[in-house]
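# Examining the three-dimensional arrangement
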Amino acid sequence: MIGRRSISLTPRVVPLGGVRAMNVLRTLPHRDLPTVGAWCFLDRFGPDEVRMRVEPHPHIGLQTVTWPLVGEQRHRDSLEFDVTLKRGQLNLMTAGGGISHSEYSLGEDALPLDALQFWVVLPESARHGAAGFEQHTSLPAVTLPASEGADATATVVLGEFAGVRSPATVHTPIVGAEITLAAGSQVTLPLDAAWEHAIVLVDGGLTVLDQSVAQNEMLYLGDSRDSVSVSSTEGALLFVLGGEPFEEDLIMWWNFAARTHDEIAQARNDWENVDASATRFGHVITHGSERIPAPEMPHVTLKPRRRRI
């Protein structure tokens, strides 16, 4: 068991892949915490007014979870999906052994854009499997009774929360839920005591365990909790993520999740080799030769990340 925790993690600013004009806030992976359950990556891009152009790039060994807050995004991939994603909808892409995709804002002009993007690491049983894509335009919601103020609403994005399950495909016990708190409310969030959890404040003001949480900050709660009380004076939008602790080795580099250095190196070589790339990662629908080149491999052997909290 990990045990109960109450640790604040602050995001860092990084450039989004290939787009120097657009920065994102990255909370996971953190140097002390590589995963929360199987969640291994969290970026927030926005709020900003931008022309987003993330050209075709590859993934292995993970699922991408795109959750828009403001604006619309166009997703295209090597499975020939070409869809527009809006607020309240979920794009879930499963890389398996290899997939490629692009992410654009709509039109040619800068537009308001804000979204959360997560990665979920795939377990051994699924990480070499077939790639897949699914879009869910309607997700289940559950009402959480308030002990003070108005009741809260939770949208179950991935996995299971408060007895309600998302239709999205998952491969590990997991939860991802967006929760809206009204001003002046206090609500108890039900948790699975065998899972670890964290809460991210997306907007507004939030207090958890008598601790104030800053916007974009993640409060890591550890495991061994069957509930946690949250409150907001001004109202809040928050995201709960968690799941069964991921015990397999995990090496993450660029857009790849693997178990060994050699797997990462092979994936990079396959992406850079035109013939191997076409076989493994396919070609993103309606794109030409544009793509994001892989960075150079580090001159050290990549090792699994270990939690230090």
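Here, the structure is the one placed above.
Fair warning: this is a prediction, and the values are worked out from it, not measured in the lab.

## Describing the overall build of the protein chain
Along the protein chain, the regular secondary structure elements total two helices and 26 strands. A globule of 309 residues ought to have a C-alpha radius of gyration of about 19 Å, and the protein chain, at 19 Å, matches this closely. Taken along the three principal axes of its C-alpha coordinates, the protein chain extends 60 × 45 × 30 Å. Residues counted as buried form 55% of the 309 residues belonging to the protein chain. Across the protein chain, contacts joining residues at least 24 apart in sequence account for 73% of those joining residues at least 6 apart. The protein chain carries 25 positive and 38 negative side-chain charges, and their two centres are separated by 5 Å.

## Let's talk about the sheet that holds strand S10 (residues 99-105)
Within the open sheet, the four strands sit side by side as S5-S10-S7-S8. Their pairing is antiparallel. At either end of the open sheet lies a strand with only one pairing partner, and these are strand S5 (53-59) and strand S8 (82-85). Taking each pair of neighbouring strands and ignoring which way they run, the sheet shows an average axis angle of 20°. Pairing between strand S7 (residues 73-77) and S8: four bridges, direction antiparallel. Paired with histidine 75 across the bridge in S8 is valine 83.

## A word on the packing of aromatic side chains
Taken as a whole and judged by the stated rule, the model has nine aromatic pairs. By way of ring pairs, the aromatic residues Trp253, Trp254, Phe256, Trp271 and Phe281 are connected into one cluster. Its guanidinium or amino end placed over the ring of tyrosine 104, arginine 76 lies 4.7 Å from that ring's centre, counting from NZ or CZ. Directly above the ring of tryptophan 271 sits arginine 291, whose terminal nitrogen or CZ lies 3.6 Å from the centroid.

So, how was this worked out
Residues numbered from 1 in each chain as written. Predicted model: local features only at pLDDT ≥ 70, side-chain atom pairs only at ≥ 80, totals over all residues. Heavy atoms only, no water. Helix = DSSP H or I, 4+ residues; strand = E, 2+ residues; numbered from the N terminus. Rg over C-alpha atoms; globule rule 2.2 N^0.38 Å. Buried < 20%, exposed > 50% of the residue type's maximum accessible area, 1.4 Å probe, protein only. Contact = heavy atoms within 4.5 Å. Lys, Arg positive; Asp, Glu negative; His and termini not counted. Charge placed at Lys NZ, Arg CZ, Asp CG, Glu CD. Pairing = 2+ DSSP bridges. Axes fitted to C-alpha atoms, helices over the stretch in contact; angles between N-to-C directions. Phe/Tyr/Trp six-rings, centres within 6.5 Å; stacked < 30°, edge-to-face > 60°. Lys NZ or Arg CZ within 6 Å of the ring centre and 35° of its normal.

Honestly, it's all geometry; don't read function into it.
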